[in-house]
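Take a look at the letters that make up each chain.
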Amino acid sequence: MKSINGIQFADMVKMGAHHLFQNADYVDALNVFPVPDGDTGTNMNLSMTSGAKEIAAHTVEHIGKTAQALSKGLLMGARGNSGVILSQLFRGFGKSVEQLSTVDTKQFAQALNYGVETAYKAVMKPVEGTILTVAKDSAKKAVDVSKTEEDICLLMEKIVIEAKASLNRTPDLLPVLKEVGVVDSGGQGLVFVYEGFLASLKGEALPEKTVSSSMDDLVSAEHHKNVQSFMDTADIEFGFCTEFMVRFEEGKKVFDETAFRNDLSAYGDSLLVISDDEIAKIHIHSETPGEVLTYGQQYGDLIKIKIENMRQQHTEIVGEGYTKEAPTKKAQVHPYAVVTVAMGEGISELLKSLGASAVIEGGQTMNPSTEDIVKAIEAVGAERVLILPNNKNIIMAAEQAAEVLGIEAAVVPTKTLPQGMAAILAFNAQATVEENKKNMTEAFAHVKTGQVTFAVRDTSIDGVEIKKDDFMAIAEGKIILSTPSREEAATKLAQSLIDENAEIVTIIYGEDVSKEEASNFAAFIEEQFEDLEIELYNGKQPLYPYILSVE
């Protein structure tokens with residue numbers, strides 16, 4: 001096969017997306033930090049699926065036009081840094097082949113290489129040992145091989161071989177990967193995509209994962225059934241679609257599916273449980289996903305967690321037919337808006353009270369896509385907008401959204417909720433967008449962030465031995481303690497963050513923490529440190545019992 005056209009390329013994308021979908025759980029499990037937000041596989045899968053859907057709807061023989069459809073779908077569906085980088089790789093690919101009806105080996109290799117150049121330019125500080133390195137090394141191999149190889153299939157074989165070799169070298173480039181004993185998760189996701197490309201060219205089938213796919217089919221059916229029971233977002237009683245897997249472990253509670261199912265049914269509806277001798281995969285709609293996860297931990301290791309806000313995604317779940325109803329009245333145009341991202345009903349209310357125009361439900365385990373951010377901003381109806389991601393894995397998607405909005409927009413690169421709160425307080429409706437971005441960025445520079453969450457696996461990072469199910473104290477992004485005691489994790493975190501320069505400490509407690517426990521924690525800080533202003537809020541956030549802001 002000396003060339004491929006748009007139809008053949010579309011099949012390659014379909015196979016690549018499907019292979020990534022089948023292995024998203026595995027990619028999620030490669031995340032370095034043992035916190036419940038292992039979502040690289042999920043983000044890449046959702047991003048690639050968006051691209052595959054767009055290309056399926058606009059497949060033509062002209063590969064340039066087909067590649068442009070992929071680029072558009074990936075751009076709008078990109079979630080998380082890994083998804084954005086994937087979108088940039090194929091954005092460059094699409095630009096390179098834009099005028100071509102077919103491509104040969106040299107043109108295909110050049111397109112991959114241009115995609116790498118585009119992706120590197122999109123990342124402010126490229127890090128080697130990541131998906132970028134795997135893409136770069138395999139593209140370089142493609143260019144070298146294409147000088148003498150005319151068969152596209154054989155070229156793709158060499159690309160896959162080099163991509164795997166590059167992936168295996170990632171721990172040598174990123175010490176933290178070597179310390180934890182994993183390869184880069186984003187690079188692994190790209191390898192799965194390339195393996196799908198090769199299988200398509202060879203006309204081969206790739207192995208299916210029966211447990212995952214059967215659960216996915218059931219979940220789809222369950223969502224479809226639920227759509228019939230409510231036609232308005234307000235009718236949704238249990239708002240969080242919660243999926244996770246439990247790997248059974250000796251010494252833990254013995255798994256009995258009937259008892260497990262009966263116990264979980266008290267937490268919500270649409271419960272699905274599929275299990276074998278080693279794992280159980282669970283799907284449930286619940287108002288308290290944190291309590292559901294805590295229950296699941298009694299049986300073993302949580303190896304994947306995904307939580308989605310169904311109220312926000314209601315239109316998407318209902319399907320295309322729902323979106324074709326009569327258009328709603330155009331939103332009132334406001335001169336300025338601050339749009340931010342957070343998880344937890346209480347946190348959302350807090351951010352709005354500080355001045356946020358809209359809060360997109362998202363964060364750990366649930367990174368909003370470029371399109372999610374664009375739609376939220378369009379719904380506000382502002383002439384100018386400042387976007388606060390509040391998560392380092394959402395910044396790139398926010399920047400892509402700012403580019404495609406068509407209004408004056410800027411991203412204030414907040415990486416945590418406390419940074420976002422400080423930035424909102426510095427907003428000035430009389431200042432320009434650039435002035436606000438500068439002032440808001442300076443405002444959060446002196447804010448310290450602390451978090452308490454639980455470990456999803458045993459590991460060791462920066463000399464800290466971490467045991468699964470322990471509570472971890474994370475100060476400024478660094479794990480400083482792993483302990484079975486949530487109280488100890490919280491107190492050690494406070495002691496680590498608060499110094500003689502601290503003036504205000506804000507405690508945001510999650511859905512699993514009682515008001516009494518949170519008040520006792522606030523009292524501890526007041527006793528330990530003099531002349532501090534302490535603010536206590538019920539954020540109702542899942543996964544993170546405590547979030548601390550120190551200013």
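Rules and cut-offs
Residues numbered from 1 in each chain as written. Predicted model: local features only at pLDDT ≥ 70, side-chain atom pairs only at ≥ 80, totals over all residues. Heavy atoms only, no water. Helix = DSSP H or I, 4+ residues; strand = E, 2+ residues; numbered from the N terminus. Buried < 20%, exposed > 50% of the residue type's maximum accessible area, 1.4 Å probe, protein only. Contact = heavy atoms within 4.5 Å. Areas by Shrake-Rupley, 256 points an atom, 1.4 Å probe, with all protein chains shown as cover. Pairing = 2+ DSSP bridges. Axes fitted to C-alpha atoms, helices over the stretch in contact; angles between N-to-C directions. Parallel < 35°, antiparallel > 145°, perpendicular 65-115°, else oblique. Left-handed = near helix turned anticlockwise from the far one by under 90°. Right-handed = clockwise from strand over helix to strand, strands pointing away. Salt bridge = Lys/Arg side-chain N within 4 Å of Asp/Glu carboxyl O.

A. Focus on the overall build of the protein. Scanning the protein from terminus to terminus reveals 22 helices and 18 strands. For the protein, with 551 residues in total, the buried portion stands at 57%. The contacts in the protein between residues at least 6 apart in sequence include a share of 72% that link residues at least 24 apart. Of the roughly 23,700 Å² of accessible surface on the protein, a fraction of 49% belongs to carbon and sulfur atoms.

B. Local environment of the pairing of strand S15 (residues 478–483). In terms of strand pairing, strand S14 (residues 471–475) meets S15 through 5 bridges, oriented antiparallel. Looking across to S15, one finds that Ile 474 is bridged to Ile 479. Linking S14 back to S15 in an antiparallel pair, the connection comprises 2 residues, with Glu 476 at a positive phi of about 50°.

C. Fine view of the sheet that holds strand S17 (residues 533–538). Across the sheet, which stays open at both edges, the 6 strands sit in the order S15-S14-S11-S18-S16-S17 with mixed pairing between neighbours. The open sheet has two edge strands with one neighbour each: S15 and S17. Averaged over all pairs of adjacent strands, the angle between strand axes in this sheet comes to 15°, irrespective of strand direction. Of the strand pairs in this sheet, strand S16 (residues 504–509) and S17 are connected by 6 bridges, and their pairing is parallel. Within S17, the position partnered with Ile 507 by the bridge is Leu 536.

D. Region of interest: helix H18 (residues 395–404). With 7 of 10 residues buried, H18 is to be regarded as a mostly interior element. Taken together, the buried positions of H18 are occupied by Ile 395, Met 396, Ala 397, Ala 398, Gln 400, Ala 401 and Ala 402. Buried residues along H18 sit in contact with helix H4 (63–77), helix H5 (80–96), helix H6 (105–122), helix H17 (370–380), strand S9 (384–388) and strand S10 (408–411). Trailing H18 by a residue or two, Gly 406 shows a phi angle of about 85°, which is positive.

E. Here's a closer look at the environment of Asn 23. With respect to the helices and strands, the residue Asn 23 is situated in the loop between helix H1 (6–22) and helix H2 (24–29). It is 9.5 Å that separates the C-alpha atoms of Asn 23 and Thr 42, two residues lying 19 residues apart in sequence.

F. Summary view of the packing of helix H3 (residues 40–57) against helix H10 (residues 185–202). Interhelical geometry of H3 versus H10 gives an angle of 40° and a closest axis separation of 9 Å. Taken together, H3 and H10 sit at an angle that is classed as oblique. Classified by chirality, the crossing of H10 by H3 is right-handed. Touching Thr 40, Met 44 and Met 48 of H3 are Ser 185, Gly 186, Gly 189, Leu 190 and Val 193, all from H10.

G. Inspection of the pairing of S16 at higher detail. In terms of residue burial, S16 counts as a mostly covered element, since 5 of its 6 residues are buried. Crossover S16 to S17 through helix H22 (residues 515–528) is right-handed. Sheet topology places S16 next to strand S18 (residues 546–550); 5 bridges connect them, and they run antiparallel. Each residue of the ladder has a partner; that of Val 505, found in S18, is Val 550.

H. Main features of unusual backbone geometry. Of note, Asn 390 is a non-glycine position whose phi angle comes to about 60°, a positive value. Among the secondary structure elements, Asn 390 is positioned in the loop between S9 and H18. Asn 390 gets classed as buried once you look at its relative accessible area, which sits at 8%.

I. Here's a closer look at the pattern of salt bridges. For the structure shown, the criterion picks out 22 salt bridges. Of the charged contacts in the structure, one is a salt bridge between Lys 252 and Asp 469, with a shortest N-O distance of 2.4 Å. Taken together, the positions of Lys 252 in the loop between strand S3 (240–248) and helix H12 (257–264) and Asp 469 in the loop between strand S13 (464–466) and S14 put the pair 217 residues apart, joining distant regions of the chain. Linked through salt bridges whose partners overlap, the residues forming this network are Glu 249, Lys 252, Lys 468 and Asp 469.

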